[in-house]
Amino acid sequence: MNNRVLSLSLRPKTIHEIIGQKTLINTLIKQFNTRLPHFFILYGPVGSGKTTLARMISLAIQLGKNISEISTDDWVHYKTFDISEINAANKNGVDFVREIIESMRYKPLRCKAKIVIFDEAHQLTQSAQNALLTETEDVSNHVFYIFCTSENSFIDGLSRRGTWFCTLNLKNDEISELVRVAATKSGFKDDISGLVRGLCDNDVRSSGLILQSCEKFFNGSSVTKSILKISDSNLNVNGICACIMNGKWTKLKPVLRTVKRNEIASLKIKILYTLNNSMFHNYPNVSVRVSKVMKKKKKISDNSPYACYSF
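Rules and cut-offs
- Residues numbered from 1 in each chain as written.
- Predicted model: local features only at pLDDT ≥ 70, side-chain atom pairs only at ≥ 80, totals over all residues.
- Heavy atoms only, no water.
- Helix = DSSP H or I, 4+ residues; strand = E, 2+ residues; numbered from the N terminus.
- Buried < 20%, exposed > 50% of the residue type's maximum accessible area, 1.4 Å probe, protein only.
- Lys, Arg positive; Asp, Glu negative; His and termini not counted.
- Salt bridge = Lys/Arg side-chain N within 4 Å of Asp/Glu carboxyl O.
- Polar contact = N/O pair within 3.5 Å; in protein donor to acceptor, adjacent residues only side chain to side chain.
- Contact = heavy atoms within 4.5 Å.
- pLDDT = per-residue confidence, 0-100.
- Core = buried A, V, L, I, M, F, W, Y, C linked by side-chain atoms within 4.5 Å.
- Expected span 1.5 Å × (residues − 1).
- 1 Å grid on protein atoms, 1.4 Å probe; cavity = no way out; pocket = protein on both sides within 12 Å on 5 of 7 lines; lining within 4 Å.
- Points joined across faces, edges and corners; volume = space filled by probe spheres on them.
- Nonpolar A, V, L, I, M, F, W, Y, C, P; charged D, E, K, R; others polar.

Trainee: Sorry if this is basic, but what is going on with the side chain of Lys50 here?
Mentor: As for its placement among the helices and strands, Lys50 is situated in helix α3 (residues 50-63). Buried charged residue Lys50 carries no salt bridge. Nearest counter-charge: Asp119, at 6.5 Å. Polar contacts involving the side chain of Lys50 include one to the main-chain carbonyl oxygen of Gly44, which spans 3.2 Å. Not counting chain neighbours up to four residues away, the residues in contact with Lys50 comprise Leu42, Tyr43, Gly44, Pro45, Cys148, Thr149, Ser150 and Thr167.

Trainee: Can you help me understand the environment of Leu170 in this one?
Mentor: Positionally, Leu170 belongs in the loop between β5 (163-166) and α7 (172-186). By relative accessible area, Leu170 is classed as buried at 3%. When the C-alpha positions of Leu170 and Ile210 are compared, they lie 9.7 Å apart, and in sequence the two are 40 residues distant. With residues up to four places along the chain from it excluded, the contact list for Leu170 reads Ile19, Gly20, Gln21, Ile175, Leu178, Arg205, Ser207 and Ile210.

Trainee: Honestly, the confidence of the model for the chain in this entry has me stumped. Any pointers?
Mentor: For residues with low pLDDT, the predicted coordinates do not support detailed interpretation. Taken over all residues, the pLDDT of the chain has a mean of 84, while the share at 70 or more is 82%. When mean pLDDT is taken per element in the chain, strand β3 (residues 114-119) scores highest with 96 and helix α14 (residues 286-295) scores lowest with 60.

Trainee: Would you mind showing me how to read the nonpolar core here?
Mentor: The nonpolar side chains of a soluble globular protein tend to be buried with one another. One finds Leu53, Ile57 and Ile67 to be the most contacted residues of the largest nonpolar core, which totals 29 residues. When residues of this core are traced back to their parent elements, those giving at least two are α2 (22-33), β1 (39-43), α3, β3 and β4 (143-149). At seven residues, α3 tops the list of elements feeding residues into this core. Excluding its chain neighbours within four sequence positions, the residues that come into contact with Ile67 are Ile15, Leu28, Ile29, Phe32, Leu53, Met56, Ile57 and Ala60.

Trainee: When you look at α7 in this model, what are you seeing that I'm missing?
Mentor: Owing to its 3.6 residues per turn, the α-helix brings residues three or four apart onto one side. When the terminal C-alpha atoms of α7 are compared, their 21 Å separation across 15 residues agrees well with the 21 Å that a helix rising 1.5 Å per residue should span. Listing the buried residues of α7 in full gives Glu174, Ile175, Ser176, Leu178, Val179, Ala182 and Ala183. Against α1 (6-9), α8 (193-201) and α9 (207-218) lie the buried residues of α7. Note on α7: the residue one or two positions beyond its end, Gly187, has a positive phi of about 75 degrees.

Trainee: Just to check I follow, could you spell out the layout of surface pockets for this structure?
Mentor: If a probe the size of a water molecule is rolled over the atoms, the empty space left behind becomes visible. The space that makes up the second largest pocket amounts to roughly 290 Å³. Around the second largest pocket sit 13 residues that line it, and Arg4, Arg11, Lys13, Arg55 and Trp75 are the ones nearest its centre. Of all elements in the fold, only α1 and α3 reach the threshold of two or more residues within the lining of the second largest pocket. Partitioning the lining of the second largest pocket into residue classes produces four nonpolar, three polar and six charged.

Quick look at the structure:
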């Protein structure tokens with residue numbers, strides 16, 4: 001058995017191995033058959049496969065194939081191509097971006113294109129984004145940029161220039177399928193229905209987080225601990241839920257400022273679990289009150305990238 005963790009060993013190599021995302025995949029296939037963008041923005045929840053998809057797109061461009069034609073064997077060539085993967089959480093300043101832009105001016109010697117994948121692209125500074133404005137508007141034929149982001153915090157000009165592709169959370173049947181695949185890969189023989197039900201009930205719907213939960217569950221953790229554990233966090237989740245229930249958003253701000261970035265996804269799961277299993281079940285009017293409070297917040301436009309998936 002492969003000794004790599006599930007989030008790595010089960011990373012898809014072709015679009016045919018991807019569970020869910022059917023609409024997105026069909027759109028990409030058609031895009032490759034018509035006019036290929038030089039500036040992609042892959043947008044969606046944490047762990048929904050944005051970076052994996054960016055790598056598939058990059059490999060397809062370099063090989064001159066449609067993304068549907070990529071095979072597992074093609075990946076032996078990936079590192080030989082001019083594909084730069086940059087973590088914008090660490091390298092996000094204007095000087096670094098200017099260096100990237102300057103290096104992109106020269107055509108590649110051994111491949112068809114120069115491709116830059118910016119992971120966590122929303123962390124690029126405003127100056128760095130401004131530096132990319134002209135570069136992404138009038139792109140050379142050999143230059144491609146791919147942004148992977150879970151937040152839409154780009155300046156307007158940059159946002160308009162990108163071609164958006166949105167990765168979605170998985171549906172219940174897709175969650176069940178992914179857990180079954182993970183169990184088979186791990187050689188796990190016991191019942192997985194409890195984990196599937198727990199993932200669905202607690203709104204754990206991105207592939208990465210599901211596989212993390214599977215990793216814990218297959219190694220002996222309970223369903224609750226596999227799904228809900230928040231590392232190094234002493235937040236009063238019940239207090240946060242009470243503020244949500246009563247619409248006390250200003251009281252929430254100082255509390256949420258203490259949340260670490262790597263705790264956000266787990267905190268969301270914990271809040272949903274508490275509301276679903278405690279408040280909503282015990283107090284039938286709570287769901288109505290929460291929905292009324294949320295309606296008072298600014299409505300998301302249908303044209304906004306946020307409208308492409310549910311929170």
